[in-house]
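Now for the letters of each chain:
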Number of protein chains: 2
Amino acid sequence: MNTRLQGYQQRVDRALEQWLPAPEMAPERLHEAMRYAVLGPGKRVRPALCYATGETLGVDLAQVDGIACAIELIHAYSLVHDDLPAMDDDDLRRGLPTCHRAFDEATAILVGDALQALAFRILAHDPAIAASPATRLHMIDTLAVACGSRGMVGGQALDLAAEGRQLGPAELEFIHICKTGALIRAGMVMSSLSADSASPRQLEQLDHAAKSIGLAFQILDDVLDVEGDTDTLGKTGGKDADRRKPTYPAVLGLAEARRLATTLHEEAVTALAPFGDRAAPLHELCDFLMARNK
Amino acid sequence: MNTRLQGYQQRVDRALEQWLPAPEMAPERLHEAMRYAVLGPGKRVRPALCYATGETLGVDLAQVDGIACAIELIHAYSLVHDDLPAMDDDDLRRGLPTCHRAFDEATAILVGDALQALAFRILAHDPAIAASPATRLHMIDTLAVACGSRGMVGGQALDLAAEGRQLGPAELEFIHICKTGALIRAGMVMSSLSADSASPRQLEQLDHAAKSIGLAFQILDDVLDVEGDTDTLGKTGGKDADRRKPTYPAVLGLAEARRLATTLHEEAVTALAPFGDRAAPLHELCDFLMARNK
């Protein structure tokens, strides 16, 4: 495990622990299930990318905690809903029973709904976010678009509709940019917005890097789903092919998909070049993510 | 039909029509389903209460449109999720097939998720909301709490957990204040926040009225579910008793439940007294809502 990533993970876990309602508070079962869905052994890739972006712009990481939490809560809610029987019907997530298996379907639906609301609450409420109210509104707007019908939720809808259909690379890219890329990008954009001193040019470069990283990450996920087994992944491996999901390995072949991920990674490296050494945490994190096997 | 309510309905329907993504835009089926879930023949009670609150404080109604839309989108999403087979398993809503019957379960889950995101997007983005960025953040915070695990979603969780159990009036009041009251109250609070000139005392009085109105409305809903038949209600009548849901008529008896609703209405009237004639739209709306038979 990369120590920088580990540090970010511990940081966001502490913050999540504080924002999530206590399990002793009514409705207890709902709160217990929300904590179960979020505080499990996740990789926290999205929060880590938020923190590393903040470091690139010299932002105090306490200002990024709320943003990192909001992104992880949205990600966690989407996993809970995606795992439902009516969607991907998955029993395992992060090596543990999925939320609707550990609790029940109704609770899992409500968990997702409440986690989404909590994400927006944090962005509106967290006193540690030092950005001006107008910038905060910009952050909320960014997140709402990224997780809406033209972002993450839309990507999932297109993904479900594409099962069993033959897609071209352009269509596939659109789905993946919506489904995974939009949220990763939103987290990095919100983190850069929290740097009052960032220039429009810097914001643009980071946004470009974020877009490439988000897509590279999803392609590698698809590749690992083909290559990995259930034990390594902590979720049911090979499911994409079983469901005839549109994936990069299916459309381009495994080798070509890996090559595309590498190209996108290189694009991100180029976009980050003007930040010099300050982008070191972000480079290190991307290198680690691209070399992972789960 | 009350003409004032009709005016508010037309107003919010026009605004919703504009905020909802066009059905020709990808993902088409998701957008079509979002529009189906929202633009059906709903009563628009919550938006109407937002507008009437705005009028009580002399706010230009264009400033309330976004708030009214956000509240109705949250309400519509909650109905879509509540109707799912894993929750209340309802086939009819507003006289039409529920969203998961007209489309499918996966789409209905995603519709709810996207509608919630859209509600927050409008509050962060709508240029017609003239309130300061700081006040807007306060509105977003208010909505996020009202529809979260200690508000609407929490109320639904408690409601499901209470099926078949014997509850006391205090427990029942807590559920209903969360499940229905919180959102109605949030809409009225957000509308009063949009009046820059409102005093803390006025905000408090309106909040008090909102709390009473929200609970009275829910009690009357329970009463009508017992008294009404499916044709009049446009949803399956008598379902609460079939599912042994905790309701006011079940706990207090029909006559006592009606009496409690009347008492709460009177409390709201008292809280609105200091506003004199300016509260006339709100009085008229409440009178109409209390006299309804569906």
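Residues numbered from 1 in each chain as written. Chains lettered and ligands numbered in written order. Predicted model: local features only at pLDDT ≥ 70, side-chain atom pairs only at ≥ 80, totals over all residues.

K.L.:
Just checking my understanding: could you explain unusual backbone geometry for this structure?
P.N.:
Negative phi values dominate among residues other than glycine, just as trans dominates among peptide bonds. Residues and elements named next belong to chain A. Put simply, A26 and P27 share a cis peptide bond, and its omega is -5°. Structurally, P27 can be placed in the loop between α1 (3-19) and α2 (28-39). The phi dihedral of R44 falls on the positive side, at around 60°, and the residue is not glycine. Position of R44 among the secondary structure elements: in the loop between α2 and α3 (45-56). Taking the C-beta count within 10 Å as the criterion, R44 has 23 such neighbours and is therefore assigned buried. (Helix = DSSP H or I, 4+ residues; strand = E, 2+ residues; numbered from the N terminus. Buried ≥ 20, exposed ≤ 12 C-beta atoms within 10 Å, placed from the backbone.)

K.L.:
Explain the confidence of the model for chain A to me, please; I cannot follow it from the model alone.
P.N.:
Do not read the fine detail of predicted coordinates wherever pLDDT is low. With 94% of its residues at a pLDDT of 70 or more, chain A has an overall mean of 92. As a predicted assembly, this complex carries a pTM of 0.95 together with an ipTM value of 0.95. (pLDDT = per-residue confidence, 0-100.)

K.L.:
Help me out: how do you make sense of the interface of chain A and chain B in this one?
P.N.:
Accessible area lost during the coming together of the parts is what is often quoted as the interface size. Residue-level contacts link 43 residues of chain A with 43 residues of chain B. Here the side of chain A that touches chain B gets 14 residues from one element, more than from any other, and that element is helix α6 (residues 105-125) of chain A. When its residues are assigned to classes, the side of chain A that touches chain B shows 27 nonpolar, nine polar and seven charged. (Contact = placed C-beta atoms within 7 Å. Nonpolar A, V, L, I, M, F, W, Y, C, P; charged D, E, K, R; others polar.)

K.L.:
Explain the packing of α6(A) against helix α8 (residues 152-162) of chain B to me, please; I cannot follow it from the model alone.
P.N.:
For any two helices packed against each other, the geometry is given by the interaxial angle and the distance between the axes. For the pair α6(A) and α8(B), interaxial distance at closest approach is 9 Å and the crossing angle is 165°. Here α6(A) lies roughly antiparallel to α8(B), going by the angle between them. Here α6(A) runs over α8(B); the crossing is left-handed. Touching A106(A), T107(A), L110(A), D113(A), A114(A) and A117(A) of α6(A) are V153(B), Q156(B), A157(B) and L160(B), all from α8(B). Residues belonging to the contact of α6(A) with α8(B) are distributed by class as follows: seven nonpolar, two polar and one charged. (Axes fitted to C-alpha atoms, helices over the stretch in contact; angles between N-to-C directions. Parallel < 35°, antiparallel > 145°, perpendicular 65-115°, else oblique. Left-handed = near helix turned anticlockwise from the far one by under 90°.)

K.L.:
Can you help me understand the packing of α6(A) against helix α7 (residues 133-146) of chain B in this one?
P.N.:
The interhelical angle for the contact between α6(A) and α7(B), taken along N-to-C directions, is 150°, at an axis separation of 8 Å. Our classification of the angle between α6(A) and α7(B) gives roughly antiparallel. Between α6(A) and α7(B) the crossing geometry is left-handed. Here A117(A), F120(A), R121(A), A124(A) and H125(A) of α6(A) lie close against α7(B), whose contacting residues are L137(B), I140(B), D141(B), A144(B) and V145(B). Among the residues making up the contact of α6(A) with α7(B), the classes are represented as seven nonpolar, one polar and two charged.

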